[in-house]
Amino acid sequence: MAIFGRKEKTPLGIYIHVPFCRSKCQYCDFYSLTDKSDRLMEDYLDAVCDHIRETGRSSVGYQVDTIYFGGGTPSFFGADGMAAILTAVRRSFPVAASAEITFEANPDSVSPKLLRRLRGEGFNRVSLGIQCDDDRILEKIGRPHKYEQAVQAVEKIRKAGFKNLSVDLIYGLPGQTLESWQKTLQHVLQLEPEHISCYGLKVEEGTPLYKYRDVSNLPDDDTQADMYLSTVEILRNKGYRQYEISNFCRRGYESRHNMKYWTGGEYLGFGPDASSDFAGKRFKIIRDLKGYIQGIQNKGMVLEDIQEIPYRERAGEYLMMRLRTTQGISREEYEKNFLLPFTPLESYLEECRQQGHALGADGRWRLTPEGFLLSNTILTKLLLLQDESEPLAKRRT
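Model, not experiment: these values are computed from the prediction.

A.B. asks: Got a minute to help me understand the sheet that holds strand 16 (residues 358-361) in this structure?
C.D. replies: With antiparallel pairing, three strands are arranged side by side in an open sheet as 15-17-16. Taken across any chain shown, the strands that pair with only one partner, and hence form the sheet edges, are strand 15 (329-330) and strand 16. Examined bridge by bridge, strand 16 and strand 17 (residues 364-367) share four bridges and lie antiparallel to one another. Within strand 17, the position partnered with leucine 359 by the bridge is arginine 366.

Okay, here's the thing in structure tokens:
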């Protein structure tokens, strides 16, 4: 659409990876360091701001509508650093007045001073890592806070004027039962967040928890499935709409930034181990903070895994990512964008519907909560059918 002869700018998300933590959680495989050196933090800040400025010069035609500071623990990094990075983004890219600007925080590193500063700088959304309400479990998994600190953090966040609060929770933790998880949800609901993310624990190789997984009293797969289905029911009854496998919100409070990942939007990542999907290419920044700093300082290469994604692979991503959401997939979108037949997929989805794993109407399909639990199996079959299909354009000739 053109307005007064000017082409409307393409929406763009920006992700800032802040790779610093007070301590490392037992289950975490995200790239982060517990090095608290002021010099290292200052060098990171200089490098990421330089990287943003350099990239902004070659990103004409875009307007930033979401900015997300993740980690690591951005709140541990501090308000001054985050404010400086946000200023660099605003000076390098056109940022929409209505942009969603999020930072992740842990309860132990939230202070009224930090919150007031960030609210004044324009941050308007907080993602608070609570994970659990049981202090014994929090200690087992290496979280640096107690539940009461989480309650106090929410009070501080509200007092600072934030009206969009998301909380992260994990089910399937060591020693957790279905009943204790349900109590966790009830306690967290009393905090009245606008958004709740509930993730099933995945014990990743290379994490401390992986070494002790067999003696950690982890809930089995069936119990995790019961926890998940219970989550969907409890949150639905409290007015939270499920819009993605692990994400629930009150009306109008979906994570606009994360929706870019799930719906094929464009985004740029800055900081070590950050990923991007931009201008038809996907690429990643090296998973090495010192290497990243040196690369930016010396104008060297900090990107890796640069790929131009062919249409058939994009079609597969459309299936994998859209079926994570309750928007689902549609015949019209699929055939128009990828020129592949939807009929073979629809035949299989009809089987899924009969088993209670999918819902379909007017050519649009989505998975049910029961279907989400089997999403890997369902997607494997859909991708196989896609690989066997012949492009529509070729069939017409």
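Next comes the rest of the description.
A.B. asks: Explain the layout of surface pockets to me, please; I cannot follow it from the model alone.
C.D. replies: To locate leftover empty space, one rolls a probe as large as a water molecule over the atoms. Within this model, the second largest pocket holds a volume of roughly 470 Å³. Lining of the second largest pocket is provided by 20 residues; of these, His51, Glu54, Thr55, Ile296 and Val302 occupy positions nearest its centre. Every element with two or more residues in the lining of the second largest pocket is listed here: helix 1 (38-56), strand 11 (267-270), strand 13 (281-285) and helix 11 (289-297). No other element matches the four residues that helix 1 contributes to the lining of the second largest pocket. Taken together, the residues that form the lining of the second largest pocket break down as nine nonpolar, seven polar and four charged.

A.B. asks: How should a negative patch on the surface be read in this particular structure?
C.D. replies: A cluster of like negative charges, contributed by Asp135, Glu139, Glu148 and Glu155, occupies part of the molecular surface. Those elements that provide at least two residues to the negative patch are helix 5 (135-140) and helix 6 (147-159). For glutamate 155, the location among the structural elements is in helix 6. Here glutamate 155 falls in the exposed class, since its relative accessible area comes to 52%.

A.B. asks: So what exactly am I meant to see when it comes to the packing of aromatic side chains here?
C.D. replies: Geometry of an aromatic ring pair is reported as the spacing of the ring centres plus the angle between the planes. One pass over the full model with this rule turns up 15 aromatic pairs. Residues tyrosine 318 and tyrosine 334 carry aromatic rings whose centres are separated by 6.1 Å and whose planes lie at 40° to one another, so their mutual orientation is tilted. Placement of the pair is tyrosine 318 in helix 12 (residues 311-322) and tyrosine 334 in helix 13 (residues 331-338), with a sequence separation of 16 residues. Look at tyrosine 334 and you get buried, because its relative accessible area is 0%. Taken together, the ring pairs connect Phe69, Phe103, Phe123 and Phe162 into an aromatic cluster. Over the face of the ring belonging to phenylalanine 162 we find arginine 119, whose NZ or CZ atom lies 5.6 Å from the ring centre. Directly above the ring of tyrosine 210 sits arginine 213, whose terminal nitrogen or CZ lies 3.8 Å from the centroid.

A.B. asks: Would you mind going over the pattern of salt bridges with me for this structure?
C.D. replies: Between side chains of opposite charge, pairing is possible as soon as their charged atoms come close. This structure, assessed with the given rule, holds 23 salt bridges. Arginine 331 serves as the salt-bridge partner of glutamate 346, at 2.5 Å between the closest nitrogen and oxygen. A residue pair is termed long-range when its members are at least 10 positions apart, and glutamate 346 in helix 14 (residues 343-354) and arginine 331 in helix 13 qualify at 15 residues. Connected via shared salt-bridge partners are Asp277, Arg282, Arg314 and Glu317.

A.B. asks: Would you mind going over helix 9 (residues 221-237) with me for this structure?
C.D. replies: Helical geometry: 3.6 residues make up each α-helical turn, so side chains three or four residues apart lie on a common side. Here helix 9 is 17 residues long and its end C-alpha atoms lie 25 Å apart, about the 24 Å a rise of 1.5 Å per residue gives. What helix 9 keeps buried is the set Gln224, Met227, Tyr228, Ser230, Thr231, Val232, Ile234 and Leu235. Those residues of helix 9 that are buried are in contact with strand 7 (165-171), helix 7 (178-189), strand 8 (195-200), strand 9 (241-244), strand 10 (247-249) and helix 15 (369-373). At the N-terminal boundary of helix 9, the capping side chain belongs to aspartate 220, with an oxygen 3.3 Å from the backbone nitrogen of aspartate 222. Phi turns positive, to about 90°, at glycine 239, one or two residues after helix 9.

Thresholds applied
Residues numbered from 1 in each chain as written. Predicted model: local features only at pLDDT ≥ 70, side-chain atom pairs only at ≥ 80, totals over all residues. Heavy atoms only, no water. Pairing = 2+ DSSP bridges. Helix = DSSP H or I, 4+ residues; strand = E, 2+ residues; numbered from the N terminus. 1 Å grid on protein atoms, 1.4 Å probe; cavity = no way out; pocket = protein on both sides within 12 Å on 5 of 7 lines; lining within 4 Å. Points joined across faces, edges and corners; volume = space filled by probe spheres on them. Nonpolar A, V, L, I, M, F, W, Y, C, P; charged D, E, K, R; others polar. Patch = residues over 30% accessible without salt bridge, like charges linked within 9 Å, V, L, I, M, F, W, Y side chains within 5 Å. Areas by Shrake-Rupley, 256 points an atom, 1.4 Å probe, with all protein chains shown as cover. Salt bridge = Lys/Arg side-chain N within 4 Å of Asp/Glu carboxyl O. Lys, Arg positive; Asp, Glu negative; His and termini not counted. Charge placed at Lys NZ, Arg CZ, Asp CG, Glu CD. Buried < 20%, exposed > 50% of the residue type's maximum accessible area, 1.4 Å probe, protein only. Phe/Tyr/Trp six-rings, centres within 6.5 Å; stacked < 30°, edge-to-face > 60°. Lys NZ or Arg CZ within 6 Å of the ring centre and 35° of its normal. Expected span 1.5 Å × (residues − 1). Contact = heavy atoms within 4.5 Å. Polar contact = N/O pair within 3.5 Å; in protein donor to acceptor, adjacent residues only side chain to side chain.

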